[in-house]
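# Structure at a glance
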Amino acid sequence: MFVALIGAPAAAFDTAAASVSVPSGQPVTLNEILLDTEPGQLWLRLRFVAPQIARSGGAITHDQAAADMDHLCKNLALPYMSEQAIAPERVVISFSDRALPFGVQDAAATQFFEVYRPSGDTCIWEGF
């Protein structure tokens, strides 16, 4: 089951299309917030559009984007969890070079995902 939370009252997310600052300086826009119970436990998914990760014409590498996703987990996902009083088992931060519906594959799109285990005031990267 997925529950879209765009527009949920939270100081960190005032609008559905919130532009956020990241260490690389690339333009990143919040596209969607989802609560996902399909993995058998609660996962918080924050989905962002990041046009500069595009394979063609993009200027941001995967390593730069990964550092941005680390930053977003700690500085946006954790405060959001606190404000909403939720305790997901995992946080997924995803970047796509274009807006795509959740779960839709597009061979022309560039997408990056990182999964974290929230622990206190930090996000622990869950590498595969």
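Above this text you will find the structure in question.
A short tour of the structure in this document, coming up. (Residues numbered from 1 in each chain as written. Predicted model: local features only at pLDDT ≥ 70, side-chain atom pairs only at ≥ 80, totals over all residues. Heavy atoms only, no water.)

### Re the overall build of the protein
Helix and strand content of the protein: one helix and seven strands. Within the span of the protein, comprising 128 residues, buried residues form 44% of the whole. Taking the contacts inside the protein whose residues are at least 6 apart along the sequence as the reference set, 63% of them involve residues at least 24 apart. Carbon together with sulfur atoms contributes 54% to the accessible area of the protein, which is approximately 6,600 Å² in total. (Helix = DSSP H or I, 4+ residues; strand = E, 2+ residues; numbered from the N terminus. Buried < 20%, exposed > 50% of the residue type's maximum accessible area, 1.4 Å probe, protein only. Contact = heavy atoms within 4.5 Å. Areas by Shrake-Rupley, 256 points an atom, 1.4 Å probe, with all protein chains shown as cover.)

### Things to note about the nonpolar core
Membership of the largest hydrophobic core comes to 29 residues, with the highest contact counts inside it found for Val28, Leu44, Phe48, Leu72, Val91, Ile93 and Phe95. Those elements that provide at least two residues to this core are β3 (28-36), β4 (43-49), α1 (62-84), β5 (90-96) and β6 (111-119). Setting aside residues up to four positions removed in sequence, Ile93 forms contacts with Leu46, Phe48, Met69, Leu72, Cys73, Phe112, Phe113, Glu114 and Tyr116. (Core = buried A, V, L, I, M, F, W, Y, C linked by side-chain atoms within 4.5 Å.)

### Here's the deal with the state of the cysteines
Following the criterion strictly, the structure yields one disulfide and no others. Put simply, Cys73 and Cys123 are joined by a disulfide, and their sulfur atoms are 2.1 Å apart. Classification of the bridge connecting Cys73 and Cys123 rests on its S-S torsion, roughly -85°, and on that basis the disulfide is left-handed. Taken together, the positions of Cys73 in helix α1 and Cys123 in strand β7 (residues 122-125) put the pair 50 residues apart, joining distant regions of the chain. (Disulfide = S-S within 2.5 Å.)

### Looking at the pairing of β7
When β6 meets β7, the two strands line up antiparallel, connected through four bridges. Paired with Ser119 across the bridge in β7 is Thr122. (Pairing = 2+ DSSP bridges.)

### Here's the deal with the environment of Ala54
For Ala54, the location among the structural elements is in the loop between β4 and α1. As a C-alpha pair, Ala54 and Ala108 span 54 residues in sequence and 9.1 Å in three-dimensional space. Look past the residues within four positions of Ala54 in its chain and what remains in contact with it is Asp97 and Thr110.

### A word on the pattern of salt bridges
Pairing between side chains of opposite charge can happen when their charged atoms approach one another. Taken as a whole, this structure holds five salt bridges when the rule is applied. Salt-bridge contacts for Asp97 lead to Arg98; the nearest nitrogen and oxygen are separated by 3.0 Å. Take Arg98: its relative accessible area is 32%, and that puts it in the partly exposed class. Here the residues in one salt-bridge network are Arg90, Arg117 and Glu126, joined through shared partners. (Salt bridge = Lys/Arg side-chain N within 4 Å of Asp/Glu carboxyl O.)

### A few points about the environment of Cys123
The exposure class assigned to Cys123 is buried, which follows from its relative accessible area of 15%. When residues no more than four places from it in sequence are discounted, the contact partners of Cys123 are Cys73, Lys74, Leu78, Tyr116 and Arg117.

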